[in-house]
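# What the coordinates show
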Amino acid sequence: MPSESERALVNELEDPLAGRKLKVGIISPYSFETPGGVQLHIRDFAKQLISRGHDVEVLAPGRRTHDMPLWVQTTGSSFAIPYNGSVANLSYFGWVGSTTRRWVKQGHFDIVHLHEPEVPSISHKPLIPGFDPCPYVATFHASFDTYPLALKCTQLYLRSYLSNIRSAICVSDSALETASHYLDPATDISVIPNGINTASFIAASKKREWQGTPESPTIGFLGRMGEDRKGFAVFARAASYILERYPKARFLCVGDGESDGRKILSSFPENLLEATEFLGRISDEDKASFYKSLTVYVAPQIGGESFGIVLAEAMAAGCPTVASDLKAFKAVSQEGTAARLFTNGDAHDCARVVMELIDDDEARQELSARGSARACDYDWSEVTRSVLSIYAKALQNR
């Protein structure tokens, strides 16, 4: 029989809050009107908290859409600016500061969780000196290949302004490397990765129309095709090489930007466009089936990735995965053990690695097994427990 102290330790590991239920306010810097990694992370994490009995409210820029949960509130407006190789919909000027602080004050939250408070948006607004109705915890997602001039110029300001944050979470070592420039050195910082619902990917069913055969393999891409950093141009060129050896191969592309994708493919022989299928946005359920059905999934991103959620998802579904050798992807793939890596931006090398896997059933099965095992490290049960530990510590220090 375990001793009383051993039982207490087990309970603490399972629930760092020892049964206490919190009211948590989460602030997103980006609008929920368009999908993005940070928004999806916030949505899924909020669902995890709610499933554990916590009371959660989310505030985001922009306007409400019919599919937003009732616990998401919005500022009513946003504006689009280029940010880290993408376009971000933010809210910063005018009355949004007072609106955000009023939301925080009236919410009577135990914890306010800010995402990307270094970004000029609403998650930045509660941090004015003297306004601290509850402990602030912040998550930093961004990673830059080259540290931006704008951050260099505002670094001292950010270091002072962000000093109100009780605990900081970085989603990867890459994000930590970026955030360490402008976080107060006294801030408590932890690395906690993004989470995935591994069970949904494991249980996903294959779709016959997306499955490949030895003669007609299916190779997948997921991302915004109009953003250079997502690497669709690299994927397209690699596909053209793969098509030379496998003339019946099919290339399945999920995400926004079909017109951009078609424009990129127009510079290649016509048979590549004929072999490419654009699936647009798909549901979470279909996304899991997409990964599950593919012969190989390719993540050809060329930069600006702080974690690599698509790798974790594909590996959880048991899909043999090939990725560029970005620092973040190396970490998720355990240096190429759980997913094969190719030289960033090198379409020839990408095609070579993909074709090696297509040619070798045993290698694909081994990679699938290693990827599935690695993906368990990113299950929401583990990630949520780690974040709740940060909450417990912030409340204790309060």
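This report concerns the structure included in the present document. Computed from a prediction, not measured in an experiment: that's the story for all the values here. (Residues numbered from 1 in each chain as written. Predicted model: local features only at pLDDT ≥ 70, side-chain atom pairs only at ≥ 80, totals over all residues. Heavy atoms only, no water.)

### Focus on the overall build of the chain
We count it as follows: Secondary structure elements follow DSSP: runs of H or I of four or more residues count as helices, runs of E of two or more count as strands, with numbering from the N terminus. Exposure classes here rest on a 1.4 Å probe applied to the protein chains alone. A residue is buried below 20% of its type maximum, exposed above 50%, and partly exposed in between. Two residues form a contact once any of their heavy atoms are found within 4.5 Å.
Of the regular secondary structure elements, the chain holds 15 helices and 15 strands. The dimensions of the chain, computed from C-alpha atoms along their principal axes, are 65 × 60 × 40 Å. Across the 398 residues that make up the chain, the buried fraction comes to 53%. A separation of at least 24 residues holds for 71% of the contacts in the chain among residues at least 6 apart in sequence.

### Points about the packing of helix 13 (residues 347-359) against helix 14 (residues 361-375)
Our working rule: Orientation is described by axes fitted as lines to C-alpha atoms, over the contacting stretch for helices, and by angles from 0 to 180 degrees between their N-to-C directions. In these notes the angle categories are as follows: under 35 degrees is roughly parallel, over 145 is roughly antiparallel, 65 to 115 is roughly perpendicular, and the rest is oblique. Throughout, the ten residues Ala, Val, Leu, Ile, Met, Phe, Trp, Tyr, Cys and Pro are labelled nonpolar, Asp, Glu, Lys and Arg are labelled charged, and all others, Gly among them, are labelled polar.
Between helix 13 and helix 14, the least distance of the axes is 5 Å, while the angle of their chain directions is 105 degrees. Overall, the two elements helix 13 and helix 14 adopt an arrangement that is roughly perpendicular. The segment helix 13 lies against helix 14, with Leu-357, Ile-358 and Asp-359 engaging Asp-361, Ala-363, Arg-364 and Leu-367. Of the residues assigned to the contact of helix 13 with helix 14, the class counts are four nonpolar, no polar and three charged.

### As for the pattern of salt bridges
Our working rule: Between Lys or Arg on one side and Asp or Glu on the other, a salt bridge is scored when a side-chain nitrogen of the former is within 4 Å of a carboxyl oxygen of the latter.
By the definition in use, this model includes 22 salt bridges. Between Lys-327 and Glu-177 there is a salt bridge; the shortest N-O distance is 2.6 Å. Here Glu-177 lies in helix 5 (residues 173-179) and Lys-327 lies in helix 12 (residues 327-332), a separation of 150 residues in the sequence. A relative accessible area of 49% places Lys-327 in the partly exposed class. A salt bridge links Arg-352 to Glu-356, with the nearest nitrogen and oxygen atoms 2.9 Å apart. Here Arg-352 and its partner Glu-356 are both found in helix 13, four residues apart, which amounts to about one turn of the helix. With a relative accessible area of 38%, Glu-356 lands in the partly exposed category. Several salt bridges converge on common partners, so that one network encompasses Arg-224, Glu-227, Arg-229, Lys-230 and Glu-305.

### Considering empty space enclosed by the protein
Taking a probe equal in size to a water molecule and rolling it over the atoms shows the remaining empty space. We count it as follows: Cavities and pockets are found on a 1 Å grid laid over the protein atoms alone: a cavity is a set of points where a 1.4 Å probe fits but cannot escape, a pocket is an open set with protein on both sides within 12 Å along at least five of seven lines, and a lining residue has an atom within 4 Å of such a point. Grid points are joined across faces, edges and corners, and a volume is the space filled by probe spheres set on the points.
Across all of its chains, the model carries one cavity of 30 Å³ or more by this definition. Of the volumes computed, that of the largest cavity is approximately 60 Å³. As for the largest cavity, its lining consists of His-41, Phe-45, His-113, Thr-139, Ile-169, Val-171, Ile-192, Pro-193, Val-383 and Val-387. Sorting the residues of the lining of the largest cavity by element identifies helix 2 (37-51) and helix 15 (380-397) as the ones contributing at least two each. When the residues that make up the lining of the largest cavity are grouped by side-chain class, the tally is seven nonpolar, three polar and no charged.

### Points about the pairing of strand 8 (residues 167-170)
Threshold: Strand pairing requires that DSSP identify at least two bridges connecting the strands. Crossover handedness is defined by viewing with both strands directed away from the observer: a clockwise path from the first strand over the helix to the second marks the crossover as right-handed.
By the alternation rule, side chains of strand 8 split into Ser-167 and Ile-169 and Ala-168 and Cys-170, which are all buried. With four bridges connecting them, strand 8 and strand 9 (residues 188-191) associate as parallel partners. From the neighbouring strand, Cys-170 faces strand 9, where its bridge partner is Val-191. In this region the chain leaves strand 8, passes through helix 5 and returns to the parallel neighbour strand 9; the handedness of that crossover is right-handed.

### Brief notes about the sheet that holds strand 14 (residues 321-324)
Taken in spatial order, the six strands make up an open sheet running 12-11-10-13-14-15, and their pairing is parallel. Strand pairing shows two members of the sheet lacking a second neighbour, strand 12 (276-280) and strand 15 (340-342), which therefore form its edges. Here the average twist between neighbouring strands, direction ignored, is 25 degrees. One ladder, built from three bridges, connects strand 13 (residues 296-299) with strand 14; its direction is parallel. In the sheet register, Val-298 faces strand 14, and the bridge partner there is Val-322.

### A closer look at helix 10 (residues 284-293)
Restricting attention to buried positions, one finds in helix 10 the residues Lys-287, Ala-288, Ser-289, Phe-290, Tyr-291 and Ser-293. Elements that come into contact with the buried residues of helix 10 comprise helix 6 (198-202), strand 10 (218-222), strand 11 (250-254), strand 12, strand 13 and helix 11 (309-316).

### Some words on the layout of surface pockets
The volume enclosed by the second largest pocket comes to roughly 330 Å³. As for the second largest pocket, its lining consists of 19 residues, of which Lys-206, Leu-294, Thr-295, Pro-320 and Arg-364 are closest to the centre. Residue assignment for the lining of the second largest pocket shows that the elements contributing at least two residues are helix 10 and helix 14. Sorting elements by how many residues they give to the lining of the second largest pocket places helix 14 first, with four residues. Per-class residue counts for the lining of the second largest pocket are seven nonpolar, eight polar and four charged.

### Quick notes on helix 2
Filter applied, for reference: Multiplying one less than the number of residues by 1.5 Å gives the expected span of a helix.
For helix 2, with 15 residues, the first-to-last C-alpha span of 21 Å sits near the 21 Å given by 1.5 Å per residue. Turning to helix 2, its buried residues are Val-38, Gln-39, His-41, Ile-42, Arg-43, Phe-45, Ala-46, Gln-48 and Leu-49. Looking at the buried residues of helix 2, the elements they touch are strand 1 (23-27), strand 2 (55-60), strand 6 (111-115), helix 10 and helix 15. A positive backbone phi angle near 95 degrees is found at Gly-53, which sits one or two residues after helix 2.

Honestly, that's just the spatial picture; any functional story needs more than this.
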